[in-house]
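For reference, the chains in residue letters:
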Amino acid sequence: MSQSGISYALNRNLSSDRLLVFYDFSGMSGRHIGSTAPYGGGFNFGVIENCDPSINTGVYSGIVCGFGSSVAAGKDFTTGTFLKGNKANLTGSNIRVTGTKDLPYSNCSVLFDLEFNNQVSDCILFGSLEKTSDTVGGVTITGSKGYNLGITKRGQLFYQGFDNKGDFIYTANSIELAKRNVLGFSLSTDSLSLLRFDYLNHKIQKEQFFVNTSLVVDNTGFYLGGSPQYFRGGAYGSSGEFETSDVSLNSFCFLSGGLSPSTLFSIGSGMIGDFSESTTTEITKRRITGYNQTTVYKTGITGYDYEDTGDLTISTGRYMMTGNIISNGTSTLEEGENYFIYYTFDSALSDSGVTSFNKRQIGYLHPDSGYQYLPTGEKAFSTLGLQNVEGAVDKYIEQQGLSGAGTIEVEMFGSRFQTGYLSEISGVKQSPLYETLIATPSIPASGINLGGLAENFKKNFVYYLGDRP
Amino acid sequence: MIYDVVINTGGESLSDCFSSGLGTDNYVYYNKKAQGAIDDIFFNNSVVESNNGELTLQLFLNSQCLLQELPITGWGANKVAYELDTGDFFVKATGEQGVSLNITALDSAQINFSPTTPLAYNDDICYNIITGGIFAGTGEVLKQDIGEELTSGISGKYPNINFTDFDFFLNGQKLYSGDGVGLKAGTDYQIAFGTSTAAGGIVTNINETGFKATAYKKNNRTHSITGVTPDISTETGFIEGRNNYYINGLQESQSGYLELYTGVTIFKTGVGCLPSGGFGNSKTPKTKNTIEL
């Protein structure tokens, strides 16, 4: 709600007594808005009350002067036609504010939050210009009160005034409007600023002009949406003023004194934004409160430890041949044939793990031959006198190999130094001690949240200025 | 003629239009004017991170988009040499290397042009700040097709990205999707202004060395509107000042177009800015584009 937003913006930027008039049309649709009969004849008109946070809500009420009724029916008009969609549709009626003689017309700032109902059209937003004419000594002297602020068909802000040089209009040619705009002007000490606030780019669009404020005379009233004096012809409103505007107002404010554009930018954000409250995050920090001192001793070798580092195997002798015989049946031999007789070593040697055998080759003699051998011929073999008989002898299979030499294992030990603290002091170690402090406490925070829709604040048309095909 | 506007639609709410989280707080990034003349031209490096303007400038010299490059740096006794390969300009870094090179704040804000870049005292130089990277293809590296080289550069950083996420330039002139430029075969992410038959563009194997293709990733929440009429209307709306306008691929100065709301009904050339029947003819029409009240 812009009422809370502008209240926040005012409190932050200005003293609270600077806001003289504030109309906020949001939330007014369907409400009774009061009525008055200012023009006599028993007609009733809807009234928009000057509302908080303006300094005095009892004055500067706005009269919806486009429709009067003999019954208190102003409400019907205002809630059905004039107040629609939380906006005041100035197409149906101007708003007339009277009793403004005390308003500082030459030293003030004005803000509008408005949007076009259709396309851009020329209009008066703040109309108070009124020509006066007096005849003195047969000479007609023209003067004026107030001034107008409006929008040209080109869609640019203009200021219309009258001074000792006559009529003049200033147009802010560099400022282009969107469908919805926060616009304003600031008039003070011979300086006029026409302003548009671009809240999408956080940018202030401004044009500044010279206006002789000593020649700006206060008027007794002003219109929103029309003016008693307008350079362009048009239909007269119910109060004799020109009705011009096809715009709707979201809110309007009139502040005393010329204000800087940045201040008005902030106040304008309050008109379109919502006041928000939250709590900030607490931020802590650590602070050193002292030191914890620890004596540090030198370290060094305090002794040695011997540990098993492995085994060493030592051979104690040479390798030896070893072997064995295995019985393999018998074989039949004739006398005189050679064969082997085997002998094994004694058991003492075999117990050492080394076995072996030896053999002797001999000629077979049959045990039944009587061991008498007479020559039977003259040939060499016949002279031996061997008999033609057979006998069986044992056969063996020989096995041979190498026997491993004897070894012994020796266990090995190595030394390792052991470290530890010595009695000699090497220094003192300081460890800081901390305490956690709240650097920034969690506090209620407030601000303005611009969460409203941006669609109407955007432009939608690119116009090329160069030559066309 | 082809008219093209890259508009920035911003966010849905007011705060969304200048949100760091949504990447829309970039209203200071567009249509910036370079300052200085000839050899002393500067950009505002206060708007870039760490004041480091390396690979952050989309710079237009008299409407033509120039290519920024990271220079090759050579160190000598009391001397640092910079060399450009294919780029048109560079800016000096402000990082640790910059410190060691004794780069001043002014140095890091200076735009250093290649000796082959033609400059005159009255040149119009403007720039956008971009954050998505700068990609270039010349067809010379790895002897690739110019389009393939540009594509490989882009896909190296953005493996899954659409053709329409980039603004493409050929010799500094903006390209539009269409015959010879677009998606190769309509499906594959292949920039098709290469020399291949499928590309069908103006670049051929014979003239390839005369071209330099560049690509810039579009900023968040921007899209292009291209047509043959100079005035462009959009239902989505856009944020004033964050748009880039191109005519036949050449960027138009901001003073060459207006960003308006629909309904500015009178707009005439050569008509004085005077109230109807009011104040005589003492005032001279201000510009050729002033209007009748």
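Only a predicted model underlies this, so the values are computations on that prediction, with no experimental measurement involved.

**A closer look at the overall build of chain B**
Looking only at helices and strands, chain B has three helices and 20 strands in total. Taking all 293 residues of chain B together, the buried fraction comes to 40%.

**A few points about the overall build of chain A**
Counting its regular elements, chain A contains four helices and 30 strands. Within chain A, the fraction of its 469 residues that count as buried is 34%. Partitioning the contacts of chain A with sequence separation of at least 6, the portion at a separation of at least 24 is 75%.

**Digging into unusual backbone geometry**
Here the residue pair A:Asp52 and A:Pro53 is connected by a cis peptide bond, since its omega of 10° sits within 30 degrees of zero. Topologically, A:Pro53 is positioned in the loop between β3 (44–48) and β4 (62–69). Phi is positive for A:Thr189, which is not a glycine, with a value near 40°. Even without glycine at this site, B:Leu55 takes up a positive phi of about 55°. When you line up the elements, B:Leu55 lands in the loop between β4 (40–42) and β5 (57–61).

**Focus on the interface of chain A and chain B**
Contacts between chain A and chain B engage 42 residues on the former and 45 residues on the latter. Mapped by element, the contributors of at least two residues to the side of chain A that touches chain B are β14 (166–171) and β30 (459–464) of chain A. Looking at the side of chain A that touches chain B element by element, the count peaks at six residues for β30(A). Class assignment of the residues belonging to the side of chain A that touches chain B gives a composition of 18 nonpolar, 13 polar and eleven charged.

**Describing the sheet that holds strand β16 (residues 222–227) of chain B**
Residue and element names in this part refer to chain B. Strand order in the open sheet made by the four strands is β16-β1-β18-β19, with antiparallel pairing throughout. On the outer flanks of this sheet lie β16 and β19 (250–252), each paired with one strand and no other. Ignoring which end each strand starts from, the neighbouring axes of this sheet average 25° apart. Where strand β1 (residues 3–8) lies against β16, six bridges are found, and the strand directions are antiparallel. Paired with Val6 across the two strands is Ser224, which belongs to β16.

**Observations concerning helix α3 (residues 146–157) of chain B**
Residues and elements named next belong to chain B. Between its first and last C-alpha atoms α3 spans 18 Å; for twelve residues at 1.5 Å apiece the expected length is 16 Å, and the two agree. Looking only at α3, the buried set comprises Ile146, Gly147, Glu149, Leu150, Thr151 and Ile154. Buried residues along α3 sit in contact with β12 (134–137), β13 (166–170) and β15 (213–217).

**Comments concerning the nonpolar core**
Counting residues in hydrophobic clusters, the biggest one holds 99 residues, and the most contacted among them are A:Leu125, A:Leu249 and A:Cys253. Not counting chain neighbours up to four residues away, the residues in contact with A:Leu249 comprise A:Phe25, A:Lys87, A:Ala88, A:Leu90, A:Phe112, A:Leu114 and A:Leu224. Within the second largest apolar cluster, 35 residues are counted, among which are B:Leu67, B:Phe113, B:Ile134 and B:Phe169.

**Some points on the pairing of β1(B)**
Of all six residues in β1(B), six are buried; the element is thus mostly enclosed. Both faces of β1(B) are covered, namely the face carrying B:Tyr3, B:Val5 and B:Ile7 and the face carrying B:Asp4, B:Val6 and B:Asn8.

**A short note on the confidence of the model for chain B**
All names here are of chain B. Per-residue confidence for chain B averages 77 on the pLDDT scale, and 75% of its residues sit at or above 70. Contacts from residues 185–190, a stretch scored under 50 in pLDDT, to residues over four places away or in other chains number ten contacts. Low confidence marks residues 275–293, where pLDDT is under 50. Its contacts with residues over four positions away, or in another chain, come to 37 contacts. Scored as a complex, the prediction yields pTM 0.72 and ipTM 0.82.

**Observations regarding the sheet that holds strand β3 (residues 35–37) of chain B**
Residues and elements named next belong to chain B. Strand order in the open sheet made by the four strands is β3-β4-β10-β9, with antiparallel pairing throughout. Two strands in the sheet have a free side with no partner beyond their single neighbour: β3 and β9 (89–90). Note: β4 against strand β10 (residues 110–113), two bridges, orientation antiparallel. Within β10, the residue paired with Phe42 across the bridge is Gln110.

**Observations regarding helix α3 (residues 261–272) of chain A**
With twelve residues, α3(A) extends 16 Å between its outermost C-alpha atoms, agreeing within 8% with the 16 Å of an ideal straight helix rising 1.5 Å per residue. Counting buried positions along α3(A) gives nine out of twelve residues, so the element sits mostly inside the fold.

**A short note on the environment of A:Glu435**
Residue and element names in this part refer to chain A. By the element assignment, Glu435 lies in strand β28 (residues 407–440). On the neighbour-count criterion, Glu435 (10 C-beta atoms within 10 Å) is exposed. A C-alpha to C-alpha distance of 5.4 Å links Glu435 and Arg287, two positions 148 residues apart in sequence. Those residues within four positions of Glu435 in sequence are excluded, and the remaining contacts are Arg287 and Thr289.

**Concerning the environment of A:Leu125**
All names here are of chain A. Looking at the secondary structure, you find Leu125 in strand β9 (residues 123–127). By the C-beta count within 10 Å, which is 27 here, Leu125 ends up buried. A C-alpha to C-alpha distance of 23 Å links Leu125 and Ser7, two positions 118 residues apart in sequence. Apart from the residues lying within four places of it in its own chain, the contact partners of Leu125 are Phe112, Leu114, Leu149, Gly150, Ile151, Leu224 and Ser245.

**Points about the pairing of β15(B)**
Residues and elements named next belong to chain B. Most of β15 sits out of view: four of its five residues are buried. Here β12 pairs with β15 via four bridges, running antiparallel. Residue pairing for β15: Phe135 is matched across the bridge by Ala215. The pairing of β13 with β15 spans five bridges and is classified as antiparallel. Opposite Phe169, over in β15, you have Thr214 as the bridge partner.

**Here's the deal with the environment of A:Asn449**
Relative to the assigned elements, A:Asn449 resides in strand β29 (residues 444–449). On the basis of neighbour counts, which here come to 17 C-beta atoms within 10 Å, the residue A:Asn449 falls in the partly exposed class. Taking the C-alpha atoms as reference points, A:Asn449 and A:Arg12, 437 residues apart in sequence, are found 15 Å from one another. Among residues more than four places away in sequence, those in contact with A:Asn449 are A:Gly273, A:Asp274, A:Ser276 and B:Ser15.

Thresholds applied
Here the residue index of a chain counts from 1 through its sequence in written order. Here chains are named by letter from A upward and ligands by number from 1 upward, in the order in which they appear as written. With pLDDT at 70 or above as the cut-off, local features in this predicted model cover only qualifying residues; side-chain atom pairs require 80 or more to be listed or tallied, and sums for whole chains, interfaces and linings still use all residues. Helix and strand definitions here come from DSSP, where helices need a minimum of 4 consecutive H or I residues and strands a minimum of 2 consecutive E residues; each element is numbered from the N-terminal end. Three exposure classes are used. Buried residues have 20 or more other C-beta atoms within 10 Å of their own C-beta, exposed residues have 12 or fewer, and partly exposed residues fall in between, all C-beta atoms being placed from the backbone. Throughout, a pair of residues is in contact if the C-beta atoms placed from their backbones lie within 7 Å. Three categories are distinguished: nonpolar for Ala, Val, Leu, Ile, Met, Phe, Trp, Tyr, Cys and Pro, charged for Asp, Glu, Lys and Arg, and polar for the others, with Gly belonging to the last. A pair of strands is labelled paired if DSSP reports no fewer than 2 bridges between them. Only the stretch in contact is used when fitting a helix axis, every axis being a line fitted to C-alpha atoms; angles between N-to-C directions are given from 0 to 180 degrees. In this scheme, a helix's expected span is set at 1.5 Å multiplied by one less than its residue total. Here, a nonpolar core means buried Ala, Val, Leu, Ile, Met, Phe, Trp, Tyr and Cys residues linked by C-beta atoms lying within 7 Å of one another. One confidence number per residue, pLDDT, is output by the predictor and ranges from 0 to 100.

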